[in-house]
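# Descriptive structure summary
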Amino acid sequence: MASGSVRPGLRRVEHIMGTAISLDLADDLPAAMLHELAEQTFGWLREVDARFSTYRDDSEVCRFDRGELPLAEASVDLRAVLDRCADLWRETDGFFDVYATGRLDPSGYVKGWSAQVASDRLVEAGAANHCLNAGGDVRVRGRSATGEKWRIGVRHPWDPTATCLVLTGTDLAIATSGVYERGHHVVDPRRGVPAQGLRSVTVVGSDLGVADAYATAAVAMGRAGITWLDQLPDYRHAAVTDDARLLHTPTLPLPD
Amino acid sequence: MRRALLAITGLAAGTTMLVVLKGSPGASQVVPDRPVAEAPVAPSTPDPTPAPPGASANPLGSAPTGSAPTGSAPAKPGAKAGAGPTPDATPGSTARPTTAAPKASTGAPKPATTRTVTGPVVSYRYGSLQVRITLNGTRIVDATALGMPQGGQSGLRSDDVQGSYSGTAGEVVARQSANLNTVSGATYTSDAYRQSLQAALDWA
């Protein structure tokens, strides 16, 4: 998994939450400590998967959804997630809807949120320079092992091996939602049909869970999503339309 | 009742005159390859790609909605004859009236049944752009937005793709390659991950 070169830090990939999660720890810390930090990070993400997965009947989310777990007995994390998802539902005019598919599915927030929590914990633990990529949702902190700002490509919506945009920074949450990977799975919750108009939306800000939810909501809105994204004060965006136009906020953190 | 009728008639007459005046020669804009006197063509033809509901909120002025008429231009058959032939050149329609009604110009008529017509540059809320339609006989068979928005916020936003825009949908998004640490994308499955740039980076 990790490269065999002499660069400091540690890199590791694990498959959790039905996707690949890549961790790049860039701090020049003792190998044992880096290993421990990686263990804690992936341990947390596995725990989140066990508790929040909609594919596991015994997960907390599924038990809550079936009515077997009263809200009062739910974990602090689950209640916080449900609260936040309710806020996001309002903020997005209902386009971020954890009940869009007819049953509770907070995955559109949970993946980004859990990666954000993991990144926050890494900073607290002394790993101020890292990059965590949870299935395409990216949280970067500090600088890469070469001492440069992190360079994050945004996947080309028609070519899995290419990027259509490069972002760079030292403290960014970057989430991309699109219809190209799992088909038109983003449902317009108001009409109940697959969303059309935007092929891919990337949202950049400080919180990865929020960025992920905003990106998903914008895709669900279709082209009107760009106008909606324009109004967000703290989050910037790039969107690729179905006819392959790339539009983005002028203040996106592009490379120099 | 009678007064209302009079008012309406007066309004209609006024509008017609206004349009006729505006359509007079001298004010004409870029319409290179359009035969003269093709006026009634476009409006009587059903839009091949009807604008979806809510398209009026669309700031992008995309090709698919390119032939959605806006403002008051296309609605009046009486006004049309005088009014220059490309009422469909106002894509991305925000509710605002656009500038400059399109005009006929002096391009030589083409023998071919399929021809293209380029509309004037139209300003709208987020900038300006231009639409080219392709007609087969009197039917519109294609509509393409020629310009990315310029000026205003979305103009700034699209600056860096302007250079790579060639007029053909699909080439706007440039493929970049760069020295990357990671890749943001829509959530991939394990299979998709294996084929992804992210996987290549992870194993590099």
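In case you missed it, the structure is sitting above this.
The sections below set out a description of the structure shown in this document. As the structure is a computational prediction, the values presented were derived from the model and not from experiment.

So, about the overall build of chain B. Helix and strand counts for chain B stand at 6 helices and 6 strands. Tracing chain B from N to C terminus, the helices and strands come up as α-α-α-β-β-β-β-β-α-β-α-α. Looking at chain B as a whole, 40% of its 204 residues qualify as buried. Within chain B, residue pairs in contact and separated by at least 24 positions form 57% of the contacts whose partners lie at least 6 positions apart.

All names here are of chain A. Here Leu34 is to be found in helix α1 (residues 31-52). Leu34 sits in the buried class, given 23 other C-beta atoms within 10 Å. The spatial distance from the C-alpha of Leu34 to the C-alpha of Arg11 is 9.3 Å, given a sequence separation of 23 residues. Beyond its immediate stretch of four places on either side in the chain, Leu34 contacts Gly9, Leu10, Leu25 and Leu29.

With that settled, the discussion passes to the sheet that holds strand β6 (residues 182-184) of chain B. In sheet architecture, strand pairing relies on hydrogen bonds along the backbone and comes in two forms, parallel and antiparallel. The 3 strands are arranged β6(A)-β5(A)-β6(B) in an open sheet whose pairing can be described as mixed. The open sheet has two edge strands, β6 (159-169) of chain A together with β6 of chain B, and neither has a second partner. Strand-to-strand twist of the sheet, defined as the mean angle between neighbouring strand axes without regard to direction, takes the value 40 degrees. Taken together, the 7 bridges between strand β5 (residues 150-156) of chain A and β6(A) define a ladder with antiparallel strand orientation. Among the inter-strand pairings, Val154(A) is bridged to a residue of β6(A), identified as Leu165(A).

Now for α1(A). Residue and element names in this part refer to chain A. Compared with the 32 Å implied by 1.5 Å per residue over 22 residues, the 31 Å span of α1 between its first and last C-alpha is a close match. Residues of α1 that are buried: Leu34, Leu37, Ala38, Thr41, Leu45, Val48, Arg51 and Phe52. One face of α1 carries all of its buried residues, which in axial projection span an arc of 170 degrees. What points out from α1, more than 90 degrees from its buried face, is the exposed set Ala31, Ala32, Glu39 and Gly43.

Next up on the list: the packing of helix α3 (residues 76-91) of chain A against helix α4 (residues 107-124) of chain A. In a pair of packed helices, the angle between the axes and the distance between the axes together describe the arrangement. All names here are of chain A. Relative orientation of the contacting elements α3 and α4 amounts to 120 degrees, with a least axis distance of 11 Å. One way to sum up the angle between α3 and α4 is to call them oblique. Crossing handedness for the pair α3 and α4: right-handed. Contacts between α3 and α4 pair Val81, Arg84, Cys85 and Leu88 from the former with Tyr109, Val110 and Trp113 from the latter.

This part covers the pairing of strand β3 (residues 130-134) of chain A. All names here are of chain A. Within β3, 5 of the 5 residues are buried, which leaves the element mostly enclosed by the surrounding structure. Both faces of β3 are covered, namely the face carrying His130, Leu132 and Ala134 and the face carrying Cys131 and Asn133. When strand β2 (residues 19-25) meets β3, the two strands line up antiparallel, connected through 5 bridges. Counterpart to Asp24 in the pairing with β3 is Cys131. Between β3 and strand β4 (residues 137-141), which pair antiparallel in sequence order, lie 2 residues; one of them, Gly135, sits at a positive phi of approximately 55 degrees.

Residue and element names in this part refer to chain A. With 5 of 5 residues buried, β4 lies mostly within the body of the structure. Alternating residues of β4 divide into Asp137, Arg139 and Arg141 and Val138 and Val140, and every residue in both groups is buried. Relative to β4, β3 runs antiparallel, the two sharing 5 bridges. Within β4, the residue paired with Asn133 across the bridge is Val138. Pairing of β4 with strand β7 (residues 171-178) involves 4 bridges; the strand directions are antiparallel.

We now examine unusual backbone geometry. Its identity as a non-glycine residue notwithstanding, Met17(A) has a phi of 60 degrees, on the positive side. Positionally, Met17(A) belongs in the loop between β1 (10-16) and β2.

All right, on to helix α5 (residues 208-221) of chain A then. An ideal rise of 1.5 Å per residue puts 20 Å on 14 residues; α5(A) measures up with 20 Å between its terminal C-alpha atoms. Phi turns positive one or two residues past the end of α5(A), at Gly222(A), with a value near 75 degrees.

Residues and elements named next belong to chain A. Tracing the backbone shows Leu198 in strand β10 (residues 198-205). C-beta crowding within 10 Å serves as the criterion here: with 28 such atoms nearby, Leu198 is assigned to the buried category. For the pair Leu198 and Ala218, spaced 20 residues apart in sequence, the C-alpha to C-alpha distance is 8.1 Å. Setting aside residues up to four positions removed in sequence, Leu198 forms contacts with Ala218, Val219, Gly222, Arg223, Gly225, Ala239, Thr241 and Asp242.

Procedures and definitions
Residues numbered from 1 in each chain as written. Chains lettered and ligands numbered in written order. Predicted model: local features only at pLDDT ≥ 70, side-chain atom pairs only at ≥ 80, totals over all residues. Helix = DSSP H or I, 4+ residues; strand = E, 2+ residues; numbered from the N terminus. Buried ≥ 20, exposed ≤ 12 C-beta atoms within 10 Å, placed from the backbone. Contact = placed C-beta atoms within 7 Å. Pairing = 2+ DSSP bridges. Axes fitted to C-alpha atoms, helices over the stretch in contact; angles between N-to-C directions. Expected span 1.5 Å × (residues − 1). Arc of directions from axis to C-beta. Parallel < 35°, antiparallel > 145°, perpendicular 65-115°, else oblique. Left-handed = near helix turned anticlockwise from the far one by under 90°.

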